[in-house]
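Fold and geometry: a report
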Amino acid sequence: MIRLDHILTDLTVIETIGEPKAMFKRIIFDSRKVEKGDCFVAVKGLHSDGHAFIDGAVEKGAQVVVCQTLPDALQESVTYLKVADSAEAMGILASNFYGRPSRKLKLVGVTGTNGKTTTATLLYKLYQSLGYKAGLLSTVENRIGQRVYPTTFTTPDAVALNELLAEMVEAGCEFAFMEVSSHAVHQRRIAGLYFAGGIFTNLTHDHLDYHGSFREYLHAKKRFFDELPSESFALTNMDDRNGEVMLQNTKAKKYRYSLRVLTDFKAKIIENSLSGLHLEIDRQEFYGRLIGEFNAYNLLAVYATARLLEAEPIEVLTALSQVRSAKGRFEYIFDKHRKITGIVDYAHTPDALLKVLTTIRQLRKGEERVITVVGCGGDRDKAKRPLMAKIACEHSDQLILTSDNPRSEDPDVIIGDMEEGLSDACTIKTLSITNRRQAIRTACRLAQTGDIVLVAGKGHETYQEIKGVRHSFDDKVELENALKGI
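Residues numbered from 1 in each chain as written. Predicted model: local features only at pLDDT ≥ 70, side-chain atom pairs only at ≥ 80, totals over all residues. Heavy atoms only, no water.

Let's talk about the nonpolar core
As a reminder of what qualifies: Residues belong to one nonpolar core when they are buried, are Ala, Val, Leu, Ile, Met, Phe, Trp, Tyr or Cys, and are joined through side-chain atoms within 4.5 Å. Relative accessibility decides the category of a residue: with a 1.4 Å probe and only protein chains considered, values under 20% of the type maximum give buried, values over 50% give exposed, and everything between is partly exposed. By definition, any uninterrupted DSSP run of H or I lasting at least four residues is a helix, any uninterrupted run of E lasting at least two residues is a strand, and each is numbered from the N terminus. Here, residues are in contact when the closest pair of their heavy atoms is within 4.5 Å.
One finds Tyr 127 and Phe 177 to be the most contacted residues of the largest nonpolar core, which totals 41 residues. Counting residues per element, this core draws most heavily on helix H9 (residues 293-308), at 10 residues. For Tyr 127, the contacting residues outside a window of four places in its chain are Tyr 132, Ala 134, Phe 175, Phe 177, Ala 306, Leu 309 and Ala 311. Counting 30 residues, the second largest nonpolar core, distinct from the first, contains Leu 137, Leu 161, Ala 184 and Phe 225.

Side note on the side chain of Thr 113
Definition in use: Two N or O atoms form a polar contact when they lie within 3.5 Å of each other; inside protein one atom must be a possible hydrogen donor and the other a possible acceptor, and for residues adjacent in sequence the pair counts only when both atoms belong to side chains.
Inspection of the secondary structure assignment puts Thr 113 in the loop between strand E8 (106-111) and helix H3 (116-129). In this structure Thr 113 comes out as buried when scored by relative accessible area, which is 5%. A distance of 2.9 Å separates a polar atom in the side chain of Thr 113 from a polar atom in the side chain of Tyr 217.

Describing unusual backbone geometry
Despite not being glycine, Arg 188 has its phi angle at roughly 65°, a positive value. Position of Arg 188 among the secondary structure elements: in the loop between helix H5 (182-186) and strand E13 (197-200). Take Arg 188: its relative accessible area is 4%, and that puts it in the buried class.

Some points on the pattern of salt bridges
Heads up, the rule is: One side-chain nitrogen of Lys or Arg within 4 Å of one carboxyl oxygen of Asp or Glu is enough to make a salt bridge.
Tallied over the entire structure, the rule returns 26 salt bridges. Each of Lys 25, Arg 26, Glu 35 and Asp 38 takes part in a single network of salt bridges with overlapping partners.

Quick look at the pairing of strand E6 (residues 64-67)
Consecutive side chains along a regular strand alternate between the two faces of the sheet. This is how it is decided: The rule for pairing is simple: two strands pair if DSSP sees at least two bridges between them.
On E6, burial covers both faces: Val 64 and Val 66 on one face and Val 65 and Cys 67 on the other are all buried. Where strand E5 (residues 39-41) lies against E6, three bridges are found, and the strand directions are parallel. Its bridge partner lying in E6, Val 41 is registered against Val 66. In this structure, E6 lies alongside strand E7 (residues 79-82), joined through four bridges in parallel fashion. Directly across from Cys 67, in E7, lies its bridge partner Lys 82.

Some thoughts on helix H7 (residues 214-226)
Here is the rule we go by: To estimate how far a helix should extend, the number of its residues minus one is multiplied by 1.5 Å.
Taking 1.5 Å as the rise per residue, H7 with 13 residues should run 18 Å; its terminal C-alpha atoms sit 18 Å apart, in good agreement. Regarding H7, the residues found buried are Tyr 217, Leu 218, Ala 220, Lys 221, Lys 222, Phe 224 and Phe 225.

What about the environment of Lys 429?
Summarising the element assignment, Lys 429 is placed in the loop between helix H14 (424-428) and strand E23 (430-432). Separated by 32 residues in the primary sequence, Lys 429 and Asp 397 have C-alpha atoms spaced 7.2 Å apart. Setting aside its immediate chain neighbours within four residues, Lys 429 contacts Cys 393, Ser 396, Asp 397, Gln 398 and Leu 399. Here Cys 393 takes part through its backbone oxygen, which lies 3.0 Å from a polar atom of the side chain of Lys 429.

Focus: helix H4 (residues 158-170)
Its 13 residues give H4 an end-to-end C-alpha distance of 18 Å, which sits within 8% of 18 Å, the value for a rise of 1.5 Å per residue. Residues of H4 that are buried: Ala 158, Val 159, Leu 161, Asn 162, Leu 164, Leu 165, Ala 166 and Met 168. Close packing links the buried residues of H4 with strand E4 (27-28), helix H2 (86-97), E8, strand E9 (134-137), strand E10 (142-144) and strand E12 (175-179). The N-terminus of H4 is capped by Asp 157, whose side-chain oxygen sits 3.0 Å from the backbone nitrogen of Val 159. Count one or two residues on from H4 and you reach Gly 172, which has phi positive near 95°.

A word on the sheet that holds E12
The pairing of strands in a sheet happens through backbone hydrogen bonds and is either parallel or antiparallel. What counts, and what does not: Here the axes come from fitting lines to C-alpha atoms, over the contacting stretch only for helices, and the angles between their N-to-C directions go from 0 to 180 degrees.
Pairing is mixed across the open sheet formed by 11 strands, whose spatial order is E11-E10-E9-E12-E8-E13-E14-E15-E16-E17-E18. Lying at the two open borders of the sheet, with one neighbouring strand each, are strand E11 (147-149) and strand E18 (284-288). For this sheet, the mean inter-axis angle between neighbouring strands, taken without regard to orientation, is 20°. For E8 and E13, the ladder comprises four bridges, and the chain directions are parallel. By the bridge assignment, Val 110 is partnered in E13 with Ile 199. Sitting on the sheet, H4 is in contact with E8, E9, E10, E11 and E12, with an inclination near 165° to E9.

Details of the packing of aromatic side chains
Counted only if it meets this: Put simply, two rings from Phe, Tyr or Trp (the six-membered ring, in Trp's case) pair if the centres are within 6.5 Å, and we call them stacked under 30 degrees between planes, edge-to-face over 60, tilted for the rest. Think of it as a cone above the ring: NZ of Lys or CZ of Arg counts as a charge over the ring if it is within 6 Å of the ring centre and within 35 degrees of the ring normal.
Under the definition given, this model contains 11 aromatic pairs. Relative to Tyr 303, the ring of Phe 265 has its centre 6.4 Å away and its plane inclined at 80°; by these criteria the two rings are edge-to-face. Of this pair, Phe 265 sits in strand E16 (residues 265-273) while Tyr 303 sits in helix H9; the two residues are 38 residues apart in sequence, bridging distant segments of the chain. This pair shows no difference in class: Phe 265 is buried, exactly as Tyr 303 is. Taken together, the aromatic side chains of Tyr 127, Tyr 132, Phe 175 and Phe 177 make up a single cluster linked through ring pairs. Note that Lys 458 overlies the ring of Tyr 463, its terminal NZ or CZ placed 5.1 Å from the centroid. The residue whose ring lies beneath Arg 470 is Tyr 463, and the NZ or CZ to ring-centre distance is 3.9 Å.

Thoughts on the environment of Ala 22
Along the chain, the position of Ala 22 falls in the loop between strand E2 (15-17) and strand E3 (23-24). Measuring from C-alpha to C-alpha, the distance between Ala 22 and Met 1 comes to 9.8 Å, with 21 residues separating the pair along the chain.

Observations concerning the sheet that holds E7
Within the open sheet, the five strands sit side by side as E2-E7-E6-E5-E4. Their pairing is mixed. Of all the strands in the sheet, just E2 and E4 have a single pairing partner and so form its edges.

Things to note about the pairing of strand E14 (residues 233-237)
Across the five residues that make up E14, a large majority, five, are buried. By the alternation rule, side chains of E14 split into Phe 233, Leu 235 and Asn 237 and Ala 234 and Thr 236, which are all buried. One ladder, built from four bridges, connects E13 with E14; its direction is parallel. Within E14, the position partnered with Ile 199 by the bridge is Leu 235. Pairing analysis gives five bridges linking E14 to strand E15 (residues 253-258), with the strands arranged parallel.

Set out below in structure tokens:
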């Protein structure tokens, strides 16, 4: 149990009704999970408003209620806190409840459309290999030292996030690296956290179904940097046209990285092949296992971050040379018998797909064909569907449109939306196969000696969500089986 007035640091309370020293045991924002003695935070969500469930939470035994609008009927035994923004308040309360864990380690956030998972994961792996205990919060998995925890969202809710950070502190972690999604910034899931630094990777078309416009999407990313404290660092990719925008209003110390122009941290690609990248980073030659220009940016961002965290450059480059990418990020399989290369990648935005296909083109040695299997998720940004198909077709020799995670939508309708982006010339070399397993098998049957089969969109995911049910499905396993003829 904890006393309410002990966890109000940095929280602006408009009005308190009831006992300010009330005791409670947990912070809950889902009224269905409320138990006797809890603090219920009424948050306005996308599909429901927690304020409508205050009475129900009180009936279940909520001792404290945090809300933006006080209910008409107040219970004498309950303490009510009126605040301007419940989501913001929940983040601050959660941080204080768990002892402000983000201030007890060096927490670095990574934001951008693409590269968040790889950059955060590489940082985690780097610091583990340098002998530090580190934590990771990512789309693929959460880690505390070597322990792995499953993940649902790119950035957890504020309570779960602070609980994980507190466990990292308890376990002796000195560093933590986390993906910061635009949703998390907008929904204030990161409120109350103290970041030692922030990294911007890039910004391209994504999540417009949620944000409404690219401008609002940009502002959500920018807000992360606007709120960084002056003691922190803000590191941005200057080869992205929005890179400098991220630094406009930040109080943090500003740093830049680039492959194209002279910046604080500079790299140059010397060679890019299926065996890895040969780079020059800050005038030091570097050989790494990751592939593609997009990974050169990720590696440079990681190197720059480590330097800003005061690691020695040679130690960083030596450790990075052995690090592999995150699961489902340009993972490739080679069929020795048919000499066919299979690649699985999470690319689910137009820009990410273009970067992966461009990399594959650069790696081709001769007349190898590129066969791409790709779909688009249901209940998500519909505007990108024709763009994804257009890019996939223009940069592939054969295209198969298929189902991704259709969720509540009809997968054939989603594929139809994608087909709208195809020209007549593209239509000739495109097949539409709704069943994703069958689509992958067809691509492998069409492949000839030396060809490359790309399966894009789901990457690390081990399920396919259809009508609210998650069915077991792993692109890498399916591709491996198809190449073996299983």
